[in-house]
Amino acid sequence: GGLVVGSNDLLDRIRVLRNNGLSRAAHQRDVLGRYDVATVGFKYTLPDVLAAIGRAQLQKLDGYLARRQAIAAQYSQILADEPDLILPLEAPGRVWWLYTIRFASTVSRDEVQRRLAEEGVGTSVLFPLVPHLSAYREWLRDEDIPVSIAVAGSILSLPLHPSLSDEDVRRAASTLKRVI
């Protein structure tokens, strides 16, 4: 990853925050290793072992992305004729992290999710509404985001990961259609 920032002051602050709030990284300290904890910070560096695993995983990235694309295409094909669903848009270069569907207003997302779980199809609602999260309740209310409130109760993410078989995808999609 990386950052693009608009000022050197902000960049310097980010560097301090990512290194436990230390005023200087180990390689920048004087001979005696002196430093100060300038602010409360975080440890956002990756341990060497995890970095090595990550580098090895990068070699599989193209295959993972292609498989996710194939799964999304399969879902779209199977679910295309379902009038109670709004399917995600496909776009050139889209990376399929999630396959999130939206139900028509006559369908209860929670009931569908419950019934899918009973049938062994795992789904998720990955984005809870911000005003419903404890840390943000004082800043944002449901009435501040009416469109989000209206949409949030009607979306559901279907299983999507590279190890899903074609049969897994067909089963999830056909079970969804039957449950609806």
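Up top you'll find the structure we're talking about.
Please read these numbers as outputs of a predicted model, since none were measured by experiment. (Residues numbered from 1 in each chain as written. Predicted model: local features only at pLDDT ≥ 70, side-chain atom pairs only at ≥ 80, totals over all residues. Heavy atoms only, no water.)

S.K.: Just give me the short version of the overall build of the protein chain, but keep the residues and values in it.
M.R.: A count of helices and strands for the protein chain gives six helices and three strands. Moving toward the C terminus, one meets the helices and strands of the protein chain in the order α-α-α-β-β-α-α-β-α. Against the compact-globule benchmark of 16 Å for 180 residues, the protein chain has a radius of gyration of 23 Å, which places it well outside the compact range. Taken over the C-alpha atoms alone, the protein chain extends approximately 70 × 45 × 30 Å along its principal axes. Here the protein chain holds 180 residues, and the buried ones make up 26% of them. Of the contacts formed within the protein chain by residues at least 6 apart in sequence, a portion of 57% connects residues at least 24 apart. A gap of 6 Å separates the mean positions of the 22 positive and 21 negative side-chain charges of the protein chain. (Helix = DSSP H or I, 4+ residues; strand = E, 2+ residues; numbered from the N terminus. Rg over C-alpha atoms; globule rule 2.2 N^0.38 Å. Buried < 20%, exposed > 50% of the residue type's maximum accessible area, 1.4 Å probe, protein only. Contact = heavy atoms within 4.5 Å. Lys, Arg positive; Asp, Glu negative; His and termini not counted. Charge placed at Lys NZ, Arg CZ, Asp CG, Glu CD.)

S.K.: Let's hear about the sheet that holds strand 2 (residues 99-103): which residues, and what values?
M.R.: Strand order in this open sheet of three strands is 1-2-3, and the pairing throughout is antiparallel. Each edge of the open sheet is held by one strand with a lone partner, namely strand 1 (85-86) and strand 3 (155-158). In this structure, strand 2 lies alongside strand 3, joined through four bridges in antiparallel fashion. Looking across to strand 3, one finds that I101 is bridged to L156. Along the sheet face, helix 4 (residues 109-118) touches strand 2 and strand 3 and points at about 25° away from the line of strand 3. (Pairing = 2+ DSSP bridges. Axes fitted to C-alpha atoms, helices over the stretch in contact; angles between N-to-C directions.)

S.K.: How would you explain the packing of helix 3 (residues 61-79) against helix 6 (residues 166-179) if you had to name every residue and give the values?
M.R.: Packing of helix 3 against helix 6 leaves a shortest axis separation of 10 Å and a crossing angle of 30°. If you check the angle between helix 3 and helix 6, you find them roughly parallel. For helix 3 against helix 6, the interelement crossing comes out right-handed. Of the residues in helix 6, those in contact with R67, I71, Q74, Y75, I78 and L79 of helix 3 are D166, V169, R170, A172, A173, L176 and K177. A breakdown of the residues in the contact of helix 3 with helix 6 according to their chemical character gives eight nonpolar, one polar and four charged. (Parallel < 35°, antiparallel > 145°, perpendicular 65-115°, else oblique. Left-handed = near helix turned anticlockwise from the far one by under 90°. Nonpolar A, V, L, I, M, F, W, Y, C, P; charged D, E, K, R; others polar.)

S.K.: I'd like a description of the pattern of salt bridges, backed by residues and values.
M.R.: A full pass over the atoms with the stated rule returns nine salt bridges. Between D110 and R109 there is a salt bridge, and its shortest N-O distance comes to 2.7 Å. A salt bridge links E111 to R114; the nearest nitrogen and oxygen atoms lie 2.4 Å apart. Taken as a pair, E111 and R114 lie in helix 4 at a separation of three residues, close to a single helical turn. The network of salt bridges with common partners includes E111, R114 and E118. (Salt bridge = Lys/Arg side-chain N within 4 Å of Asp/Glu carboxyl O.)

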